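Below are the chains, spelled out letter by letter.
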Amino acid sequence: MKANQAKKFEKNDYGVFLNADASSLERFKTYETIVIDAQYFTKRDIELLHQNGTVVYTYLNIGSIENFREYYTTYAELAIGEYEHWEEEEWVDVANPDWQKFIGQLSQELYEKGVDGFFIDNCDVYYYNPHESIFEGITAILHNDVWQSGHHQRWRYLCGGI
């Protein structure tokens, strides 16, 4: 009986839940590490996950713009091309200072929610548009003030799309 009880409380190593919201918090308790889109969670939600011992990464898309985001219309003009097989996304001009500043601000907001790290997606925009300015734009974004602050020792990074 005790073996069955121990198995019942055993946590999964990790899970990726990009289309989830706070209604999934109870489910997340069964994971050691999760990747969520913290734009759809509150600081309190993330605190509750930490109280459960869950490490929380947030998804952050730096190389494309998604048409379902509240900020889409503000930055839609920075789209540089169709993202094949992803109808809701377009590649974005990461060399644009406005985009770099916005991603820095968004990173700060997510940091203030208490996430443990970032799952950074679509760094491969460079392969779509292999110009030095795009490479430098990615570099500038990855060297933003939040990630280079004194708190960087606790940051963990995962990069998708490279």
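Residues numbered from 1 in each chain as written. Predicted model: local features only at pLDDT ≥ 70, side-chain atom pairs only at ≥ 80, totals over all residues. Heavy atoms only, no water.

Caption draft 1: Up close: unusual backbone geometry. For H85, which is not glycine, the phi dihedral falls at a positive 75°. Exposure remark for H85: the relative accessible area of 71% places this residue in the exposed category. Located in the positive-phi region is N122, a residue other than glycine, with phi close to 65°. Tracing the chain through its elements places N122 in the loop between β7 (117–121) and α6 (125–128). Looking at N122, the relative accessible area reads 1%, which means it is buried. (Buried < 20%, exposed > 50% of the residue type's maximum accessible area, 1.4 Å probe, protein only. Helix = DSSP H or I, 4+ residues; strand = E, 2+ residues; numbered from the N terminus.)

Caption draft 2: Main features of the packing of helix α5 (residues 97–112) against helix α7 (residues 132–142). Where α5 meets α7, the closest approach of the two axes is 9 Å, and the angle between their N-to-C directions is 25°. The angle between α5 and α7 falls in the class roughly parallel. Seen along the crossing, α5 lies across α7 with a hand that is right-handed. Across from W99, Q100 and I103 in α5, the residues of α7 making contact are G137, A140 and I141. Split by residue class, the contact of α5 with α7 holds four nonpolar, two polar and no charged. (Axes fitted to C-alpha atoms, helices over the stretch in contact; angles between N-to-C directions. Parallel < 35°, antiparallel > 145°, perpendicular 65-115°, else oblique. Left-handed = near helix turned anticlockwise from the far one by under 90°. Contact = heavy atoms within 4.5 Å. Nonpolar A, V, L, I, M, F, W, Y, C, P; charged D, E, K, R; others polar.)

Caption draft 3: Layout of the sheet that holds strand β6 (residues 89–92). The strand order β4-β6-β5 describes an open sheet built from three strands, whose pairing is antiparallel. At either end of the open sheet lies a strand with only one pairing partner, and these are β4 (64–66) and β5 (79–82). Direction aside, neighbouring strands of the sheet carry axes that sit 40° apart on average. Here three bridges tie β5 to β6, and the two strands are oriented antiparallel to one another. When the bridges of β6 are listed, A79 appears paired with V92. (Pairing = 2+ DSSP bridges.)

Caption draft 4: Highlighting the packing of aromatic side chains. According to the stated counting rule, one finds 14 aromatic pairs in the structure shown. Aromatic side chains Y59 and F119 sit 6.0 Å apart centroid to centroid with 20° between the ring planes, which places their arrangement in the stacked category. A residue pair is termed long-range when its members are at least 10 positions apart, and Y59 in strand β3 (residues 55–61) and F119 in strand β7 qualify at 60 residues. For Y59, a relative accessible area of 5% puts it in the buried group. Seen in terms of ring centroids, Y75 and W99 are 5.6 Å apart; in terms of plane orientation they differ by 80°. Their pairing is edge-to-face. On the criterion of sequence distance, the pair formed by Y75 in helix α4 (residues 72–75) and W99 in helix α5 is long-range, its members being 24 residues apart. Neither Y75 nor W99 differs from the other in exposure class; each is buried. Taken together, the ring pairs in this structure connect F17, F28, Y31 and F41 into an aromatic cluster. (Phe/Tyr/Trp six-rings, centres within 6.5 Å; stacked < 30°, edge-to-face > 60°.)

Such coordinate-based values are descriptive only and should not be taken to indicate function.
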